[in-house]
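Residue strings, one per chain:
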Amino acid sequence: MKIMKSVWISLAVLGLFSWALVEFYSASIDISKFLQDPEREYMFEVRLIPFVAFFLIGGWLAFISIRKKRKYQSWKKVFLLPDEFEESDEREKQLTAQACRSAYISMWYSFPVISALLLLYPFVAETLPSYPILVFALLPITQIITYTVSWKKNF
Amino acid sequence: MEIKNRVKELRARDGLTQGALAERVHVTRQTIVALEKGSYVPSLLLAMNIARTFELPVEEIFSIEGEDS
């Protein structure tokens, strides 16, 4: 099933993006400390691996996806629509519509849970400063999983 | 209320594969599979395309479960 490949690509890109954002967040903390204390010798320190991984692996996955979609769709659809949308006929359009409905409903359940998880931040701020980024990434992950389960169930 | 159809029977009559019928009515093969299983109710456009392919009126192919066609 083609959709599973697209889902894994989306989750991989999302994971790499979150990893890069976590690293960027620690750089932001450094920059903020530097602005408060100009005596510091350096502005920020950052590991480049997450960024390189995001741009290289993410770029490669995006290239594969764009090349595949370009054969069948207009440029507008290639760049604006997610890969998971399989709409080659009326039944697939209906499956996509049902899956989008499920993903929308899942947002109303995952949003309060994720908000509640953010309340734990003061307890983990010391050990895991990037906790809000990781928790926030759960929202799209939940929606992608719900979309996929609905699509596969109705297929 | 469910809709039953004679697509499988008519496809066999005309010696068409699921893929060939799908190509003629511009849908995927999986849609024909779902249609024959009764798990998908087609749009009016698809029903009319199928009827045209089999050269029969729509009501002779699709009918409401429990009603005589």
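Residues numbered from 1 in each chain as written. Chains lettered and ligands numbered in written order. Predicted model: local features only at pLDDT ≥ 70, side-chain atom pairs only at ≥ 80, totals over all residues.

A.B. asks: Can you explain the overall build of chain A? Please cite residues and give values.
C.D. replies: Check the secondary structure of chain A and you find seven helices and zero strands. Listing each helix as α and each strand as β along chain A from the N terminus yields α-α-α-α-α-α-α. Over its C-alpha atoms chain A spans a radius of gyration of 19 Å, topping by over 25% the 15 Å that the globule rule assigns to 155 residues. Its C-alpha atoms put chain A at 65 × 35 × 20 Å along the principal axes. Of all 155 residues assigned to chain A, the portion counted as buried reaches 12%. Put simply, of all contacts in chain A between residues at least 6 apart along the chain, 71% involve residues at least 24 apart. (Helix = DSSP H or I, 4+ residues; strand = E, 2+ residues; numbered from the N terminus. Rg over C-alpha atoms; globule rule 2.2 N^0.38 Å. Buried ≥ 20, exposed ≤ 12 C-beta atoms within 10 Å, placed from the backbone. Contact = placed C-beta atoms within 7 Å.)

A.B. asks: So what's going on with the interface of chain A and chain B? Residues and values would help.
C.D. replies: Between chain A and chain B, the residue contacts involve five residues of the former and seven residues of the latter. Split by residue class, the side of chain A that touches chain B holds no nonpolar, one polar and four charged. (Nonpolar A, V, L, I, M, F, W, Y, C, P; charged D, E, K, R; others polar.)

A.B. asks: Help me get a handle on helix α3 (residues 29-37) of chain B, residues and values and all.
C.D. replies: Residue and element names in this part refer to chain B. Considered for burial, the residues of α3 that qualify are Thr 31, Ile 32 and Leu 35. Down the axis of α3, the buried side of the element spans an arc of 100°, and every buried residue falls inside it. Of the residues flanking the end of α3, it is Gly 38, one or two places downstream, whose phi is positive at about 85°. (Arc of directions from axis to C-beta.)

A.B. asks: Mind laying out unusual backbone geometry, listing which residues take part and the relevant values?
C.D. replies: Residues and elements named next belong to chain B. With a phi close to 60°, His 26 is a non-glycine residue in the positive phi region. Position of His 26 relative to the elements: it lies in the loop between α2 (18-24) and α3. Even without glycine at this site, Glu 55 takes up a positive phi of about 55°. Checked against the element boundaries, Glu 55 lands in the loop between α4 (44-54) and α5 (58-61).

A.B. asks: Explain the packing of helix α1 (residues 2-36) of chain A against helix α2 (residues 49-70) of chain A to me, and be specific about the residues and the numbers.
C.D. replies: All names here are of chain A. Where α1 meets α2, the closest approach of the two axes is 9 Å, and the angle between their N-to-C directions is 155°. Judged by the angle between their axes, α1 and α2 are roughly antiparallel. Two packed elements cross with a definite hand, and for α1 against α2 that hand is left-handed. Within the contact between the two elements, α1 uses Ile 9, Ala 12, Val 13, Leu 16, Phe 17, Trp 19, Ala 20 and Glu 23 and α2 uses Pro 50, Phe 51, Ala 53, Phe 54, Ile 57, Gly 58, Leu 61 and Ser 65. When grouped by side-chain class, the residues that make up the contact of α1 with α2 number 13 nonpolar, two polar and one charged. (Axes fitted to C-alpha atoms, helices over the stretch in contact; angles between N-to-C directions. Parallel < 35°, antiparallel > 145°, perpendicular 65-115°, else oblique. Left-handed = near helix turned anticlockwise from the far one by under 90°.)

A.B. asks: If you had to explain α4(B) to someone new, which residues and values would you point to?
C.D. replies: Every buried residue belonging to α4(B) is among B:Leu46, B:Ala47 and B:Ile50, and all of these are buried. Looking straight down α4(B), one finds that the buried residues subtend no more than 100° of arc, so they occupy a single side. In α4(B), the exposed positions angled more than 90 degrees off the buried face are occupied by B:Leu44, B:Leu45 and B:Arg52. Looking at the packing, one finds that the buried side of α4(B) touches α4 (90-118) of chain A together with α1 (7-13), α5 and β2 (62-64) of chain B. Where α4(B) terminates, the next one or two residues include B:Glu55, which has phi positive at roughly 55°.

A.B. asks: Would you mind going over the confidence of the model for chain B in detail, with residue names and values included?
C.D. replies: Here chain B averages 92 in pLDDT, and 97% of its residues register 70 or above. Per the prediction output, this complex has pTM 0.84; the corresponding ipTM is 0.85. (pLDDT = per-residue confidence, 0-100.)

A.B. asks: How would you explain the packing of α1(A) against helix α7 (residues 138-154) of chain A if you had to name every residue and give the values?
C.D. replies: Residues and elements named next belong to chain A. The contact between α1 and α7 brings their axes to 11 Å, and the two run at 175°. One finds that α1 runs roughly antiparallel with respect to α7. Counted together, Ile 3, Val 7, Ser 10, Leu 11 and Leu 14 of α1 and Pro 140, Ile 141, Ile 144, Thr 148 and Trp 151 of α7 form the full contact between these two elements. Looking at the contact of α1 with α7 residue by residue, the class counts come to eight nonpolar, two polar and no charged.

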